[in-house]
Amino acid sequence: MKEEDYILFEAYLAEELSVEEKTAFENRLETDAAFNASFNTYKELSGYLEHTIKNEAETNAFKSNLKSISNQHFNKTKGASEGNKKSTTFSLLKYAIAACVVLLFGIVTFNKMNQPAYSDYNEHGIMDLTVRGGNIGLLIKTTKAFNNKEYEKASGYLETLLEEDPENKEYQLYYAVTNIELDKFEISEPILQDMAKGDSAYKNRAIWYLGLSNFKQDKEEEAIKWLKQVPEGADYYRQAQELLNKLE
Amino acid sequence: MSEKKIHEDQKYIEGLLQNNSFIIQAIYDTFVPKVVNYIKQNSGDADQAQDVIQETLITIYNQASQKKLQLTCPFDAYFFLLCKRKWLNELKKKTNKEVTINEEVLSKDDDSQELAFETSLFGEKQELFNTMFQKLGNACKDLLKATFKIKSMEEVAKSLGVTYAYARKKKSLCIGKLTKMVQESPQFNQLNY
């Protein structure tokens, strides 16, 4: 096909041809098999591109949900066949977890009688970035440093990760958290405020951390303002409510 | 196709389309074990089965959202046939020889055969279109992405710093180029339209 033919295809699909041009076009579709075949492929590609590009976000959401259900399913079936071998270590682990829970419960009840402190709430959960693709070596180092509470180190690694992938919300969140830990609120807060306004999966966590960050700086009013915005059912909702009760 | 009655299992298609975790979970619980067994009995392992199943569900999702897929047969037969076809193709690619199909597990249901065939064709075409799109030059890729995301050609032109007429012409030429690449690829002719 010549360039003019493709321009004609586009004009026909956009319904921009005059009545005469349209009739001529349709006649050619009937008589010229190569023209017809190219037009059909062009039309199909145009539809494919339109759909794929427009629905990229939805498709990605579906893919990641599917992947997590699939991983869960396959680990479960694999686990079932390996289950017996692991049962002793597993039950030991269960006792260890139970002991931790009891200990934690004790600490929490004890703390309830005291003034709240930042250190009661800076439990960030276990980071695991290694499930992502990319620079695996660096991701492992970051994960280790963060989980070991080596925030200075973790922050440096996250900076490098963000240079490569500046839009990555997970990196942004953890980078903000390390900076709260390091008292660099001028770095953490703008990031968290942006996230709190957006609609990523980390929105509610960003709101919680804004509350916590203000609390750490003794800005109680600001802290309360943010903590009240953590919606019911979100991660950290319970902690947010607890801290609110103590502050108000 | 349109006179045929839509099967009650259409709910699985709708569930995938809505990214409904409950339905996706139900598909894994109900229909996946049979596929895993089949793949394991035919020179595959659990990891390979996991990939085949995931890719098949993505193809169904894409077809449902682009072509309004309507199920006229049980999901079970349709899904199984699709996974099986995909797995046999993988085997063919790996071993480079013909694989014999174990016919006894094959459903005799004509509707499911036909529908599964349509969906695999759709999936293969998508794959081809995607591969070719990735091979386009960056200028074309960026322009097409902007065109279909922004919709208004005036805005596209502005965002790329070119005139409306140029953006318009460039769009048709880029899709034209893609058309030519697709038509010239050996896979395209195998997908006998």
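Since this is a predicted model, take the numbers as computed values, not measurements.

**Observations regarding the overall build of chain B**
Of regular secondary structure, chain B possesses ten helices and zero strands. Of the regular secondary structure in chain B, the N- to C-terminal order runs α-α-α-α-α-α-α-α-α-α. In chain B, 70% of the contacts between residues at least 6 apart in sequence involve partners at least 24 apart. Here chain B displays about 10300 Å² of accessible surface, and carbon together with sulfur accounts for 50% of that area.

**Some points on the overall build of chain A**
Helix and strand content of chain A: twelve helices and zero strands. Mapped from its N terminus to its C terminus, chain A presents α and β elements in the order α-α-α-α-α-α-α-α-α-α-α-α. In chain A, which comprises 248 residues, the share counted as buried stands at 38%. Long-range contacts, defined as pairs at least 24 residues apart, comprise 48% of the intrachain contacts of chain A with a sequence gap of at least 6.

**Description of the state of the cysteines**
Residues and elements named next belong to chain B. Overall, the coordinates contain one disulfide over all chains when judged by the stated rule. With its sulfur 2.1 Å from that of its partner, C140 forms a disulfide with C174. One disulfide, between C140 and C174, carries an S-S torsion of -85° and so falls in the left-handed class. With C140 in helix 7 (residues 138-150) and C174 in helix 9 (residues 164-184), the pair connects residues that are 34 residues apart, well separated along the chain.

**Some points on the interface of chain A and chain B**
At the junction of the two partners, chain A supplies 37 residues and chain B supplies 46 residues. For chain A, the biggest contributors to the area lost against chain B are A:Y48, A:F62 and A:F74; these three give 18% of the whole. The interface formed by chain A and chain B includes four salt bridges. Residue B:K149 is joined to A:E56 by a salt bridge in which the shortest nitrogen-to-oxygen separation is 3.7 Å.

**A closer look at the side chain of A:N55**
Tracing the backbone through its elements, the reader meets A:N55 in the loop between helix 3 (33-54) and helix 4 (56-112). At 2.9 Å, the side chain of A:N55 forms a polar contact with the backbone oxygen of A:H51.

**A word on the packing of aromatic side chains**
Per the stated rule, a full pass over the model turns up 24 aromatic pairs over all chains. For the ring pair A:F9 and A:Y42, a centre distance of 5.3 Å and an interplane angle of 65° mean the geometry is edge-to-face. Within this pair, whereas A:F9 is found in helix 1 (residues 3-13), its partner A:Y42 is found in helix 3, the two being separated by 33 residues in sequence. In this structure A:F9 comes out as buried when scored by relative accessible area, which is 0%. For A:Y42, a relative accessible area of 0% translates into the label buried. Arranged with centres 5.6 Å apart and planes meeting at 75°, the rings of A:Y12 and A:F39 form a pair that is edge-to-face. A residue pair is termed long-range when its members are at least 10 positions apart, and A:Y12 in helix 1 and A:F39 in helix 3 qualify at 27 residues. Accessibility classification places A:Y12 together with A:F39 in one group, the buried group. Each residue in the set A:Y6, A:F9, A:Y12, A:F25, A:F35, A:F39 and A:Y42 is aromatic and connected to the rest through ring pairs, giving one cluster. A cation sits over an aromatic face here: B:K34 above B:F80, 4.9 Å from the ring centre.

**Let's talk about helix 11 (residues 220-227) of chain A**
Residues and elements named next belong to chain A. Listing the buried residues of helix 11 in full gives A223, I224, W226 and L227. End-on, the buried residues of helix 11 take up no more than an arc of 165°, which puts them together on one face. In the core, the buried residues of helix 11 are packed alongside helix 9 (185-197), helix 10 (203-216) and helix 12 (237-247).

**Structural notes on the nonpolar core**
Formed by 45 residues in total, the largest nonpolar core has its most connected members in A:W208 and A:Y209. Beyond its immediate stretch of four places on either side in the chain, A:Y209 contacts A:E123, A:H124, A:L173, A:V177, A:I180, A:L192 and A:Y236. In this structure, A:I69, B:I58, B:L71 and B:A116 belong to the second largest nonpolar core, which totals 40 residues.

**Some words on the confidence of the model for chain B**
With 90% of its residues at a pLDDT of at least 70, chain B reaches an overall mean of 86. A low-confidence stretch, residues 103-107 of chain B (pLDDT under 50), is modelled with eleven contacts involving residues beyond four sequence positions or located in other chains.

**Notes on the side chain of B:Q63**
All names here are of chain B. The residue Q63 is located in helix 4 (residues 46-67) in this model. You can call Q63 buried: its relative accessible area is 6%. What Q63 contacts, discounting residues up to four positions off in sequence, is K68, L69, Y78, E118, T119 and F122.

**Some words on the environment of A:K228**
Residue and element names in this part refer to chain A. Looking at the secondary structure, you find K228 in the loop between helix 11 and helix 12. K228 gets classed as exposed once you look at its relative accessible area, which sits at 54%. Separated by 17 residues in sequence, K228 and G211 place their C-alpha atoms 8.6 Å apart. When residues no more than four places from it in sequence are discounted, the contact partners of K228 are L244 and E248. A distance of 3.2 Å separates the side chain of K228 from the side chain of E248, its partner in a polar contact.

**A closer look at helix 9 of chain B**
With 21 residues, helix 9 of chain B should reach 30 Å at 1.5 Å per residue; the first-to-last C-alpha distance of 30 Å fits that figure. Among the residues of helix 9 of chain B, B:A167, B:R168, B:K171, B:S172, B:L173, B:C174, B:I175, B:G176, B:L178, B:T179 and B:V182 are the ones counted as buried.

Basis of the calculations
Residues numbered from 1 in each chain as written. Chains lettered and ligands numbered in written order. Predicted model: local features only at pLDDT ≥ 70, side-chain atom pairs only at ≥ 80, totals over all residues. Heavy atoms only, no water. Helix = DSSP H or I, 4+ residues; strand = E, 2+ residues; numbered from the N terminus. Contact = heavy atoms within 4.5 Å. Areas by Shrake-Rupley, 256 points an atom, 1.4 Å probe, with all protein chains shown as cover. Buried < 20%, exposed > 50% of the residue type's maximum accessible area, 1.4 Å probe, protein only. Disulfide = S-S within 2.5 Å. Buried area = accessible area lost by both parts, 1.4 Å probe. Salt bridge = Lys/Arg side-chain N within 4 Å of Asp/Glu carboxyl O. Polar contact = N/O pair within 3.5 Å; in protein donor to acceptor, adjacent residues only side chain to side chain. Phe/Tyr/Trp six-rings, centres within 6.5 Å; stacked < 30°, edge-to-face > 60°. Lys NZ or Arg CZ within 6 Å of the ring centre and 35° of its normal. Arc of directions from axis to C-beta. Core = buried A, V, L, I, M, F, W, Y, C linked by side-chain atoms within 4.5 Å. pLDDT = per-residue confidence, 0-100. Expected span 1.5 Å × (residues − 1).

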